[in-house]
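Report on the structure
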Amino acid sequence: MTRLTINGKEFEVNAPAGMPLLWVIREQCKLTGTKFGCGISQCGACTVHLDGQPIRSCITPALSTEGKNITTIEGIAPNPDTLHVVQQAWIAEQTPQCGYCQSGQIMSAVALLDANPNPSDEEIDLAMSGNICRCGMYGRIKSAIKRASEALQSSTPNPIIP
Ligand code: FES
Ligand code: FES
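All values reported here derive from a predicted model rather than from experimental measurement.

1. What about the nonpolar core?
Core analysis: the biggest nonpolar cluster contains 22 residues, and Val 86, Trp 90, Ile 106 and Ile 145 have the highest contact counts within it. When residues of this core are assigned to their parent elements, the largest contribution, six residues, is made by helix H3 (residues 102-115). Beyond its immediate sequence surroundings of up to four residues, Trp 90 is in contact with Thr 95, Pro 96, Gln 102, Gln 105, Ile 106, Ala 109, Ile 141, Ala 144 and Ile 145. Membership of the second largest hydrophobic core comes to 14 residues, among which are Leu 4, Ile 6, Val 13 and Val 48.

2. Notes on the pattern of salt bridges
As enumerated under the stated definition, the model contains six salt bridges in all. Where Arg 3 meets Glu 10, a salt bridge forms, and the shortest distance between an N and an O atom there is 3.6 Å. With a shortest N-O distance of 3.3 Å, Glu 12 and Arg 3 are connected by a salt bridge. The partly exposed category is assigned to Glu 12, whose relative accessible area is 49%. For Arg 3, a relative accessible area of 44% gives the class partly exposed. Salt bridges here are not isolated pairs; linked through shared partners, they connect Asp 121, Asp 125, Lys 142 and Lys 146.

3. A closer look at the packing of helix H4 (residues 121-128) against helix H5 (residues 138-154)
A pair of packed helices can be characterised by two numbers: the angle between their axes and the separation between those axes. Viewed as axis vectors pointing N to C, H4 and H5 meet at an angle of 120°, and their least axial separation amounts to 11 Å. Classed by the angle they form, the pair H4 and H5 counts as oblique. The interaxial crossing formed by H4 with H5 has right-handed handedness. Judged by residue contacts, Asp 121, Ile 124, Asp 125 and Met 128 of H4 engage Ile 141, Lys 142, Ile 145 and Lys 146 from H5.

How each quantity is defined
Residues numbered from 1 in each chain as written. Chains lettered and ligands numbered in written order. Predicted model: local features only at pLDDT ≥ 70, side-chain atom pairs only at ≥ 80, totals over all residues. Heavy atoms only, no water. Core = buried A, V, L, I, M, F, W, Y, C linked by side-chain atoms within 4.5 Å. Buried < 20%, exposed > 50% of the residue type's maximum accessible area, 1.4 Å probe, protein only. Helix = DSSP H or I, 4+ residues; strand = E, 2+ residues; numbered from the N terminus. Contact = heavy atoms within 4.5 Å. Salt bridge = Lys/Arg side-chain N within 4 Å of Asp/Glu carboxyl O. Axes fitted to C-alpha atoms, helices over the stretch in contact; angles between N-to-C directions. Parallel < 35°, antiparallel > 145°, perpendicular 65-115°, else oblique. Left-handed = near helix turned anticlockwise from the far one by under 90°.

Written out as structure tokens, the structure is:
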């Protein structure tokens, strides 16, 4: 058995060599917020954080993440009653269409703002360039990131209703 730390909790999983982290997260840990898109590191739908850095869980062997802190979309809210500031901004901007890509988009956005709370347009474009949205919601994704950035600058709660 392999022990993984996901969202601060320990999970004992069966992860043969080469099994992608995404499989383990979804099928064994039942954390299905992280999505399978392409499986070949091309779309970003499977993005999670490994020690705070965004990674593609579809190509990351689960075994290689033992002893590290994995964070999924289920683990970014500060508590059960409060969404992450990025999630609040996503709601305020009505960002998703079908929603399939959005977990990965949000995880990339959270990583960006953790590293750079006030990114320029170019920095947002660069950080988000690996996350594909078939619905083409790129404008709203960018607006939501800017809204979250403004909320972080002001350090006040971001209203859910704009
Ligand atoms: S499913 Fe991992 S990048 Fe597309
Ligand atoms: S909202 Fe549908 S793929 Fe992005």
